[in-house]
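Structural description and commentary
Here is how the chains run, residue by residue.
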Amino acid sequence: MNVYLDNAATTAVAPEVVEAMVPVLRDCFGNPSSSHAARRRSRVLIEQSRRSVAKHLNCHPSCIYFTSGGTEADNLALRGAVRDLGCTRIITSEAEHSAVIKTAQSLQHSNGVALDLVRHQSDGQVDLDHLQSLLNQGGKTIVSLMHANNEVAVIQDIARIGAMCREAGALFHTDTVQTMCHYAFDLEALPVDFITCSAHKFHGPKGVGFLYIRKGLQVKGQIEGGSQERAVRGGTESTHNIVGLAKAMDLAYADLAGHQAHVRALKARMADGLRTAFSDVRFNGDSDREDRLYTVLNVSFPPHPKSGMALFLLDLEGVACSGGSACSSGATLGSHVLRALEFHDPTRASLRFSFGRFTTEEEVDYALAAIQRVFA
């Protein structure tokens, strides 16, 4: 049996999404920027998709800019804020996705931007008092803090953080790659300036996502050579992928409550099974709690001679999950997130199990049995 529990990395494309994309690949091949009828068919599909996305998020369609995914969107938000909106400082965190951390560091080195790292509390939450003290220092600033951590499932209060940024006159970017289509968003009410999305995190195709830019903010493109996406993202639009993204979003929001209930039950089943099997099991970031990202469970296993090989051995058992990197001796080093949040213990294996629409109870039970075999 093969069990896929790495949905936070990517998800299987939903059959309905494939069905929506195939006719576009076959019949709507016109370049959306051309001037003939074939072009117009593609353009209509793109704009229909944009309106559909905007409707789900309660924002104006002109605020949605399609990209190749979350990494490009993160780059576009931060680089645009510095280059076009006058930001001279970035506030972020060591626990962010590398698309944010590395971009911020690059801008620090190439543009002389000040870079400040906000502290986290012991449970992984952003230290809001420290954030406030950084905001009080002034200067045109963009704050970039993800909605939910992709490794340890800690959810930040982006409404409160956004309100703090508004009061301080700072811009706010939040990476919502792990939460888009898993939670509802009302962008008319939420005080954010940029959010990012990647379709393959919610059963859409790889290679497409979007950046939401709050109405009134003017950001120029970082990819030169074309005026697509209203001159914000050069390059011929990937019509079939954009249609796939919109379809995947339609599916997700058609029964969001049902999806949440299904996945929450699977995660609880996994956590309960691990507590029964191991007396000293721990959950990094309290990822087993109800108020954490319900798709992710990050598990710290008791010390064991096979800890450094756990990921590999589970793969041999047919269970796909993810974990930290390993040094040459085979000991688990842990991810930069675990180290940043001080959850890393070199004597224990930390593995992330993440669940999706197609995960079943039988698969969870098989994984639990495989884990016990590995750590026997």
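In this text, all values refer to a predicted model and were calculated from it rather than measured experimentally. (Residues numbered from 1 in each chain as written. Predicted model: local features only at pLDDT ≥ 70, side-chain atom pairs only at ≥ 80, totals over all residues. Heavy atoms only, no water.)

Topic: the overall build of the protein chain
On a plain count of helices and strands, the protein chain comes out with twelve helices and 13 strands. When its C-alpha atoms are laid out on the principal axes, the protein chain stretches across 65 × 55 × 40 Å. By the burial criterion, 55% of the 376 residues in the protein chain qualify as buried. Restricting the contact set of the protein chain to residue pairs at least 6 apart, pairs at least 24 apart contribute 73%. When the accessible surface of the protein chain is summed, it comes to about 15,500 Å², and 51% of that surface belongs to carbon and sulfur atoms. Across the protein chain, the mean location of the 37 positive side-chain charges is 6 Å away from that of the 40 negative side-chain charges. (Helix = DSSP H or I, 4+ residues; strand = E, 2+ residues; numbered from the N terminus. Buried < 20%, exposed > 50% of the residue type's maximum accessible area, 1.4 Å probe, protein only. Contact = heavy atoms within 4.5 Å. Areas by Shrake-Rupley, 256 points an atom, 1.4 Å probe, with all protein chains shown as cover. Lys, Arg positive; Asp, Glu negative; His and termini not counted. Charge placed at Lys NZ, Arg CZ, Asp CG, Glu CD.)

Description of the state of the cysteines
Taken as a whole and assessed by the stated rule, the structure comprises zero disulfides. There is no disulfide at cysteine 63, and the cysteine sulfur nearest it, in cysteine 59, is 5.3 Å away. Residue classification places cysteine 63 among the buried residues on the basis of a relative accessible area of 4%. (Disulfide = S-S within 2.5 Å.)

Some words on the sheet that holds strand S10 (residues 296-300)
By definition, the strands of a sheet pair up through backbone hydrogen bonds, in either a parallel or an antiparallel sense. Spatially, four strands are ordered S9-S10-S13-S12 in an open sheet, and the strand pairing comes out antiparallel. With one partner strand each, in any of the chains shown, strand S9 (282-283) and strand S12 (322-323) form the two edges of the open sheet. Pairing between S9 and S10: two bridges, direction antiparallel. The partner of phenylalanine 283 across the bridge, within S10, is valine 299. (Pairing = 2+ DSSP bridges.)

What to know about the pattern of salt bridges
Here the structure, examined in full by the defined rule, presents 24 salt bridges. A salt bridge links aspartate 193 to arginine 214; the nearest nitrogen and oxygen atoms lie 2.5 Å apart. Here aspartate 193 is found in the loop between strand S6 (171-175) and strand S7 (194-198), whereas its partner arginine 214 is found in the loop between strand S8 (209-213) and helix H7 (228-231), with 21 residues between them in sequence. Salt bridges sharing common partners tie together Arg43, Glu47, Arg50, Glu229 and Glu237. (Salt bridge = Lys/Arg side-chain N within 4 Å of Asp/Glu carboxyl O.)

What to know about the nonpolar core
The biggest cluster of nonpolar side chains holds 82 residues, and the ones touching the most others in it are Leu57, Leu131, Met180, Phe210, Met270, Leu274 and Phe353. With residues up to four places along the chain from it excluded, the contact list for methionine 180 reads Leu57, Phe185, Ile195, Cys197, Phe202, Phe210, Met249 and Tyr253. (Core = buried A, V, L, I, M, F, W, Y, C linked by side-chain atoms within 4.5 Å.)

Some words on the environment of threonine 67
Structurally, the position occupied by threonine 67 is in strand S2 (residues 64-67). The buried category is assigned to threonine 67, whose relative accessible area is 4%. For the pair threonine 67 and threonine 196, spaced 129 residues apart in sequence, the C-alpha to C-alpha distance is 9.5 Å. In this structure threonine 67 touches Glu72, Ala73, Gly207, Val208, Gly209, Phe210, Leu211 and Arg233, once residues within four positions along its chain are discounted.

Focus: the side chain of glutamine 228
Structurally, glutamine 228 can be placed in helix H7. Here glycine 235 takes part through its backbone nitrogen, which lies 2.9 Å from a polar atom of the side chain of glutamine 228. Leave out the neighbours within four places in its chain, and glutamine 228 touches Ser33, Arg233, Gly234, Gly235, Thr236 and Glu237. (Polar contact = N/O pair within 3.5 Å; in protein donor to acceptor, adjacent residues only side chain to side chain.)

Thoughts on the environment of glycine 234
With respect to the secondary-structure elements, glycine 234 resides in the loop between H7 and helix H8 (239-254). Spatially, the C-alpha atoms of glycine 234 and threonine 67 are 9.5 Å apart, while their sequence positions differ by 167 residues. Apart from the residues within four sequence positions on either side, glycine 234 is in contact with Ile223, Gly226 and Gln228.

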